[in-house]
Amino acid sequence: MSSEPIERRVSYLGDRLRGRRCQICGKEYFEFRDYCGNCGRKSFGKMVDIDLFYEKGKLEICTLVNEPTNKFTKLGSYIYGIVSFHDGKIRVPGRLTDRMIRQGENIDFSALEGREVIPRFRRRYSVDRSDVIPTISLAFTFADEYYPHQEYTVAKPNKEYDNPGIVGYGVYTSRFRIREGNIERSVPFIDEDSITAAVEAGKTALIHSGVDSALVGKIYVGSESNPYAVKPIASKVAQVLKLGEECEDVQGVDAVDTEFACKAATSMFKDAASLVSYPKSNIQYAMTIGTDNSQAAPRNCPGGELDLFVGFGACAYIFGKHDVIAEIEGWYSCTSDTPDFWRRDGEPYPMHGGRFTGDPAYFKHIRKAAKKLMERLNLQINDINYFVAHQPNVQFPVRIAKELGFKEEQYLPSLQVAKFGNTYSGSSPVGLAAVLDVAKPEERILIASYGSGAGSDAYSLVTTSQILDKRKRQKLTVKYQAENPFLEYVDYTTYRRLKLGM
C-alpha cells in the first residue's frame, strides 16, 4: 500500500485534523468545502468548521506497510489504516505511530481494528538540510495505551487573584525508554522532536487549565535543541494549538523562542507573570514551554559522557490571574558569564567543562538564587514544603538541597531525573510539575533552575484551593508517565537512531 495519500491530504490539511459540516443535512467533509454535495447551492454560507484535534477516532481497518516509499524509509515497517470519526461521517487515512515493528513480527490486525485512537502531531519524513521540516496530524496512537484521551473543555473563570500565578500545566515524555544502571531516560520516537514535545505539553496544559486557547496572547518556547538554527519553533506551536484570536490564517499571539541553556523556560516565568498583570497588555494568559530532545555525542566521542544522562520531553505552564493553582510569591535571578556548557555554531553536539561544571557553575548559582530569594521573603527552611532544583543528574540536586538544609521529604517528590533523564529546558519545570501533581492547598514551593552560561531563577509559589479542583482534569501526570505499563524499552543502538530522528 502506498503512503502517497497522506501527502495529498496534508497539502490542504495543515497540522490539525479539520473539516466542514453542512448545517442543513449534517453531512461532514474531511476537506474544506464551501458547499455540501447533498444540499447543493442552498448550502452556501451554511458550512461550519469542525476540528478533530482533541477528539477520538476509531481504527476501522489496517494493514502493514513493509516497504515504505522513499520519504518514509526511516520509519521502517509501520501500520497504516483508515480512521473514522463521528460514527463514520468522516474517514481519513493515517499511520499508527509509537509502534516499532520487529522483523518477522506477526501482527494480529483483528486485535487492532475497532479500537479507539487519538490524532498525534508528528514530523513527517526526513528532508534535505536546507528544507523546512514538514509536520502532520495524520498519525494516531491508541486512546487506551500510553497516551490516554483527554477532553478539552473550556471553563468559565470564577475567581480573580491579586497575584499572578500558574493556572495550568502539562508534561510530555514519550513512551520509549532506555534503562541503564539505576537511571531510566525518555527517548523520542523517530518522528518526534522538541517541537512535537512542546505541542503535546502545551495541549495538556490547555486541557488542565480549561483556558480558552484564544485567550493566550503570548507564548515563549525555550529549547537547546531547536530543529532550526534560523526559524522559530514557537510559531509552529502557536499555530498548532491555535493560541490567540484566529484571523484567517494568522494567530493573534506573540510567539518567541527563548534561549539560556536549561533555564530558557524558567527565565520567562516572571515575564509571563508580569505581562498578564499589566492591564494595558490586553493579554489574559501567557504560556511558557521548556522542551528538549537533549543533545549528546555518541559515547567514546568528545562530549559523549553526557550521553549517560540526557532525556527527552517538554513541560508547559500557563500563567494568568484567574483560577490560579499556585500564586507567585516572589523571585530572584542571578547571572554570570561562566563557560560551563556550550555548543559552537555548526557543531552537532554540546561540550561541558567536566569538573568545572559543579562548584563554580551549578552549585554557586542555585545556592545564590535560593538564598537571596529566601532572604527577600524572610523565609526559613521550615516555611517551605517542597524544594525543586535543576536535575542534570541525581547527585547534584540532592547535594544542593542538603546543603541548603532541606530534608528528603522536601526535595524527593521533585526528583525526576532518574525516571526521564535530564530533559534540559524541561528539567526543573518537570520537577515542579511532579510537586504540583501532589501538593495540597496553601503549600509553599521553592524552585531554583539552572542554565549553563550561567544563571539561576528562583521562584516561591504558594498553592491555592483550586489545585485540587483542576487535578481531576489531568490524566497525563508525571507519575503516570513514569510508571505507565505501556512503556517500551530500547537498546543503545535503537536509542541513538531514535534520538537522531527522521
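Our subject is the structure that appears above.
Residues numbered from 1 in each chain as written. Predicted model: local features only at pLDDT ≥ 70, side-chain atom pairs only at ≥ 80, totals over all residues. Heavy atoms only, no water.

Participant: How should the sheet that holds strand β7 (residues 116–123) be read in this particular structure?
Facilitator: Working definition: the strands of a sheet are paired by backbone hydrogen bonds and lie parallel or antiparallel to each other. Read around the closed barrel, the five strands follow the order β4-β5-β6-β8-β7; overall the barrel is mixed. Within this sheet the neighbouring strands show an average axis-to-axis angle of 45 degrees, counted without direction. Looking at chain direction, strand β5 (residues 78–85) and strand β6 (residues 90–96) are connected through six bridges and run antiparallel. Counted as the bridge partner of tyrosine 80 is arginine 95 from β6. (Pairing = 2+ DSSP bridges. Helix = DSSP H or I, 4+ residues; strand = E, 2+ residues; numbered from the N terminus. Axes fitted to C-alpha atoms, helices over the stretch in contact; angles between N-to-C directions.)

Participant: Explain the nonpolar core to me, please; I cannot follow it from the model alone.
Facilitator: A general trend in soluble globular proteins is that nonpolar side chains are found buried together. In this structure, Leu206, Ile219, Val237, Leu241, Leu243, Met287 and Ile289 are the most contacted members of the largest nonpolar core, which totals 42 residues. Those elements that provide at least two residues to this core are β7, β9 (160–172), α2 (194–209), β12 (216–222), α3 (234–241), β16 (285–293) and β17 (312–322). When residues of this core are assigned to their parent elements, the largest contribution, eight residues, is made by α2. Excluding residues within four positions of it along the chain, isoleucine 219 makes contact with Ala234, Val237, Ala238, Leu243, Val253, Asp254, Ala255, Val256, Met287 and Ile289. In terms of nonpolar packing, the next biggest core, distinct from the first, is built from 34 residues, Phe269, Ala273, Ile328 and Val430 among them. (Core = buried A, V, L, I, M, F, W, Y, C linked by side-chain atoms within 4.5 Å. Buried < 20%, exposed > 50% of the residue type's maximum accessible area, 1.4 Å probe, protein only. Contact = heavy atoms within 4.5 Å.)

Participant: Just to check I follow, could you spell out the pattern of salt bridges for this structure?
Facilitator: Note that side chains of opposite charge can pair when their charged atoms are close. Throughout the structure, instances matching the rule amount to 32 salt bridges. Note that arginine 122 and aspartate 98 form a salt bridge whose closest N and O atoms lie 3.0 Å from each other. Of this pair, arginine 122 sits in strand β7 while aspartate 98 sits in the loop between β6 and β7, and the two are 24 residues apart along the sequence. One exposure class covers both arginine 122 and aspartate 98, and it is buried. In this structure, the salt-bridge partner of aspartate 359 is arginine 399, at a minimum N-O distance of 2.7 Å. Placement of the pair is aspartate 359 in helix α5 (residues 358–377) and arginine 399 in helix α6 (residues 395–404), with a sequence separation of 40 residues. Look at aspartate 359 and you get partly exposed, because its relative accessible area is 42%. (Salt bridge = Lys/Arg side-chain N within 4 Å of Asp/Glu carboxyl O.)

Participant: Sorry if this is basic, but what is going on with α3 here?
Facilitator: Within α3, six of the eight residues are buried, which leaves the element mostly enclosed by the surrounding structure. Buried within α3 are the following residues: Ala234, Lys236, Val237, Ala238, Val240 and Leu241. Lysine 242 occupies a position one or two residues after α3 and carries a positive phi of about 55 degrees.

Participant: Explain the packing of aromatic side chains here, please?
Facilitator: Under the definition given, this model contains 18 aromatic pairs. When the centroid spacing of 5.0 Å and the interplanar angle of 50 degrees are considered together, the rings of tyrosine 362 and phenylalanine 396 count as tilted. Separated by 34 residues along the polypeptide, tyrosine 362 in helix α5 and phenylalanine 396 in helix α6 bring together distant segments of the chain. Residues tyrosine 492 and tyrosine 495 carry aromatic rings whose centres are separated by 5.5 Å and whose planes lie at 45 degrees to one another, so their mutual orientation is tilted. Within this pair, tyrosine 492 and its partner tyrosine 495 are both found in helix α12 (residues 492–500), separated by three residues, close to a single helical turn. Cluster of aromatic residues (ring-pair linked, three or more members): Tyr169, Phe269, Tyr317, Phe319, Trp331 and Tyr459. (Phe/Tyr/Trp six-rings, centres within 6.5 Å; stacked < 30°, edge-to-face > 60°.)

Participant: Looking at this model, I keep getting lost on the sheet that holds β17. Mind explaining?
Facilitator: Spatial ordering of the open sheet is given by β15-β12-β16-β17-β9-β18-β23-β22-β21, a layout of nine strands whose pairing is mixed. For this open sheet the edge positions go to β15 (254–258) and β21 (386–389), each flanked by a neighbour on one side alone. Each neighbouring strand pair of the sheet contributes to a mean axis angle of 25 degrees, computed without reference to strand direction. Here β12 runs beside β15; their pairing, made up of five bridges, is parallel. Bridged to valine 221 within β15 is aspartate 257. With respect to the sheet, helix α9 (residues 427–436) is in contact with β9, β17, β18 (326–335), β21, β22 (444–448) and β23 (455–463), its orientation differing from that of β17 by roughly 60 degrees.

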